[in-house]
Structures are given as structure tokens and as C-alpha cells.
Amino acid sequence: MQFALLSASVALALGLLTMAFPPAGILMVLWVVIAPILTVTLYNARALGDGSASLGFAAKIGLLTGVLVTFSCVAICTLRLVLTRFVFHDAALLDSQLAATFAQQRVLLLQRMGSSAQPTIDMFAVPEFRVGLLLTVTGTCAALYLFLSTVAAGLAGIVFRRRTSA
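Residues numbered from 1 in each chain as written. Predicted model: local features only at pLDDT ≥ 70, side-chain atom pairs only at ≥ 80, totals over all residues. Heavy atoms only, no water.

**Q** What is the right way to look at the packing of aromatic side chains in this model?
**A** Under the definition given, this model contains 3 aromatic pairs. Ring centres 5.8 Å apart and planes at 50° place the aromatic pair Phe102 and Phe124 in the tilted group. Here Phe102, found in helix α4 (residues 91–113), pairs with Phe124, found in the loop between α5 (118–123) and α6 (127–165); they are 22 residues apart in sequence, far enough to count as distant. Using a relative accessible area of 5% as the deciding quantity, one classes Phe102 as buried. By relative accessible area, Phe124 is classed as buried at 8%. Feature note: the residues Phe102, Phe124 and Phe129 constitute an aromatic cluster, connected by ring pairs. (Phe/Tyr/Trp six-rings, centres within 6.5 Å; stacked < 30°, edge-to-face > 60°. Helix = DSSP H or I, 4+ residues; strand = E, 2+ residues; numbered from the N terminus. Buried < 20%, exposed > 50% of the residue type's maximum accessible area, 1.4 Å probe, protein only.)

**Q** Even after reading the chapter, I still don't get helix α2 (residues 25–46), so can you show me in this structure?
**A** At 3.6 residues per turn, the α-helix brings residues three or four places apart onto the same side. Between its terminal C-alpha atoms α2 stretches 30 Å, which fits the 32 Å expected from 22 residues at 1.5 Å a residue. Where α2 bends most, at Ile34, the angle is about 45°, and the proline Pro36 comes one to four residues later. (Expected span 1.5 Å × (residues − 1). Bend = angle between axes of the 7 residues up to and from the residue.)

**Q** Which parts of the structure should I look at to understand the state of the cysteines?
**A** By definition, a disulfide links two cysteine residues through a covalent bond between their sulfur atoms. Under the criterion given, the structure shown has 0 disulfides. Summary of cysteine pairing: Cys141 is not part of a disulfide, and the nearest cysteine sulfur, belonging to Cys77, is at 11 Å. (Disulfide = S-S within 2.5 Å.)

**Q** Looking at this model, I keep getting lost on the side chain of Thr39. Mind explaining?
**A** Relative to the assigned elements, Thr39 resides in helix α2. Among all residues touching Thr39, those that are not within four sequence positions of it are Phe3, Ala4, Ser7, Ile61 and Thr65. (Contact = heavy atoms within 4.5 Å.)

**Q** Explain the nonpolar core to me, please; I cannot follow it from the model alone.
**A** Side chains that are nonpolar tend, in soluble globular proteins, to be buried together. With 8 residues, the main nonpolar core is built from Ala11, Leu14, Met28, Trp31, Val32, Ala35, Val69 and Tyr145. Looking at this core, the elements that each hand over two or more residues are α1 (2–20) and α2. It is α2 that contributes the most residues to this core, 4 residues altogether. Non-local contacts of Ala11, meaning those with residues more than four positions away in its chain, are made with Met28, Trp31, Val69 and Ser72. (Core = buried A, V, L, I, M, F, W, Y, C linked by side-chain atoms within 4.5 Å.)

Quick look at the structure:
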């Protein structure tokens, strides 16, 4: 648990660094990718006994790390949006970028589907639909990351186990 919390803390710190220095975002992306693997590796290095976690336990560590890192990333994004809107008062820029994205999606949908997609295109003008769409995309990305962090940590557990038994 302490290694998963450490991984989430590093993700939180890198997220805050990214807010102050945007090019550091690449470090955040790299950390999100390697956090579950590194967490299992650190656990295996500190484990007593045979010094390796089973596939199931390594996957559980990866899932826990994924949940905590996802929570850290969502917290940083929420903080960034709140600061942008209410502290820096740059909501107009944010809203214009979001409106341009949705307008582009409406045009693409109309080109691909034709007039049969008009009811769906009309939904893009409803703010609740936009929020629901953004939350769905966020939830889907989080679920995909949780799956991938679980698999990556499980594979790291297998690789480490093979190294210790060889």
C-alpha cells in the first residue's frame, strides 16, 4: 500500500509541476505509464521470503496503483479547471476551445452520417449532453488505464518472479 501511495504522490507532484511548467507534462505521462510496474518492482525488492509477488497479487498492486494515480490525475485536472475559471479568469479561452472542438465534431458527424444524424447533431448544442460526453470520455480513459495498469503490474510480477527463480 505504501508504494502505491508513493506512486500517487509522485503523480500528484508531477501534476502540480506541470501546472507551473507545462513542458514537464511529458514527465507526468511517463510516470503514469511506469508507475504500476515500478510499484510492483519496489514491492518485490522489499518483500520478505522468496522476494516476489504472485501474478494475482502483482495485478492487485497494479490496480491499486492505477486507482490512486487516476485519482491524482483527476484531482490535478479538476484543480487546473477551477483555477483557470475562477482564479485566472481565463474561462473564455477554455470555453472557446471546447466550443470549437464540439463544432468540429458536429461537422464531421454531418459529413459522415448525413442528415440522418441531425437529432444527434442537435444534442451537441445542449450543455448537459456536452458535460455527459466529457464525463463519459474521462470515465472510459480511467477504466482503460486501470485495465492497463493491472495487466502491466501483473506482467512485471511474472518477469520479476522468473528472474528470482532462475
